[in-house]
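# Architecture and fold: a report
Here is what each chain is made of, one letter per residue.
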Amino acid sequence: MRCFWKAIRQRLDRLFKKTSGKKPPKVTKTLPNDVLLPVVLKMLEEYPTATIPLKGISMRPFLEDTRDKAVLTKLSRPAQKGDPVLAEVRPGFYVIHRIVAIDGDQVTLRGDGNLATEQCRTADIRAAVVGFYRKGRKTMDRTDGLKWRIYSRVWTALFPLRRYLLAFYRRIWIKLFGPI
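The structure contained in this document is the topic of the report that follows. (Residues numbered from 1 in each chain as written. Predicted model: local features only at pLDDT ≥ 70, side-chain atom pairs only at ≥ 80, totals over all residues. Heavy atoms only, no water.)

### Side note on the overall build of the protein chain
- When helices and strands are counted, the protein chain shows four helices and eight strands.
- By the burial criterion, 32% of the 180 residues in the protein chain qualify as buried.
- Summarising the internal contacts of the protein chain: among those between residues at least 6 apart in sequence, 50% fall at separations of at least 24.
- On the protein chain, roughly 12400 Å² of surface is accessible, and the fraction owed to carbon and sulfur atoms is 60%. (Helix = DSSP H or I, 4+ residues; strand = E, 2+ residues; numbered from the N terminus. Buried < 20%, exposed > 50% of the residue type's maximum accessible area, 1.4 Å probe, protein only. Contact = heavy atoms within 4.5 Å. Areas by Shrake-Rupley, 256 points an atom, 1.4 Å probe, with all protein chains shown as cover.)

### Quick notes on the pattern of salt bridges
- Throughout the structure, instances matching the rule amount to 11 salt bridges.
- Residue arginine 126 is joined to aspartate 124 by a salt bridge in which the shortest nitrogen-to-oxygen separation is 4.0 Å.
- For aspartate 124, a relative accessible area of 12% translates into the label buried.
- By sharing partners, the salt bridges in this structure join Glu88, Asp105, Arg121, Asp124 and Arg126 into a single network. (Salt bridge = Lys/Arg side-chain N within 4 Å of Asp/Glu carboxyl O.)

### As for helix α2 (residues 33-46)
- The end-to-end C-alpha separation of α2 is 20 Å, in line with the 20 Å expected for 14 residues at 1.5 Å each.
- Burial in α2 covers these residues: Leu37, Val40, Leu41 and Leu44. The arc that holds the buried residues of α2, viewed along the axis, is 100°, so those residues lie on one side. Opposite the buried face of α2, at more than 90 degrees from it, the exposed residues are Lys42, Glu45 and Glu46.
- Residues of α2 that are buried make contact with β1 (49-53), β2 (69-73), β3 (84-90), β4 (93-103) and β7 (125-133). (Expected span 1.5 Å × (residues − 1). Arc of directions from axis to C-beta.)

Printed below as a string of structure tokens:
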């Protein structure tokens with residue numbers, strides 16, 4: 001019996017010697033938006049803000065997939081043209097886009113990196129975006145700050161040229177310099 005436990009102990013020692021000294025693999029779990037965002041929205045009922053990582057490239061060139069984060073809060077006032085919001089455009093399909101038009105109950109949204117628009121109702125706007133953490137920075141770029149307002153006005157005014165600017169950014173800029 002003693003030999004049995006000695007053999008088991010030796011095997012375990014060999015096993016742990018092989019794995020010791022190595023860092024354990026980094027485990028990350030990415031939840032789909034249709035699972036994550038309803039939970040975040042419930043948390044916003046109890047807490048003032050929630051910070052979520054961004055997914056997708058619809059807000060390029062200034063916000064990048066998995067690199068940047070958005071700070072959400074409950075709507076404290078009616079959404080206005082130019083505001084970035086979290087909206088449910090189809091059941092279970094959420095987007096963070098800028099409002100480009102409001103016509104009664106209908107809201108038209110467009111991501112900064114998109115040419116097409118999406119529609120929803122004002123009741124489908126779930127949260128306001130109060131800021132973004134970009135490029136791993138510790139300071140937030142507030143959406144009511146001067147920097148964001150200037151960027152927003154310039155970028156939305158360039159809409160007729162956006163197709164060419166985005167093509168240049170995706171095909172040339174990213175390959176040479178990486179994301180902005």
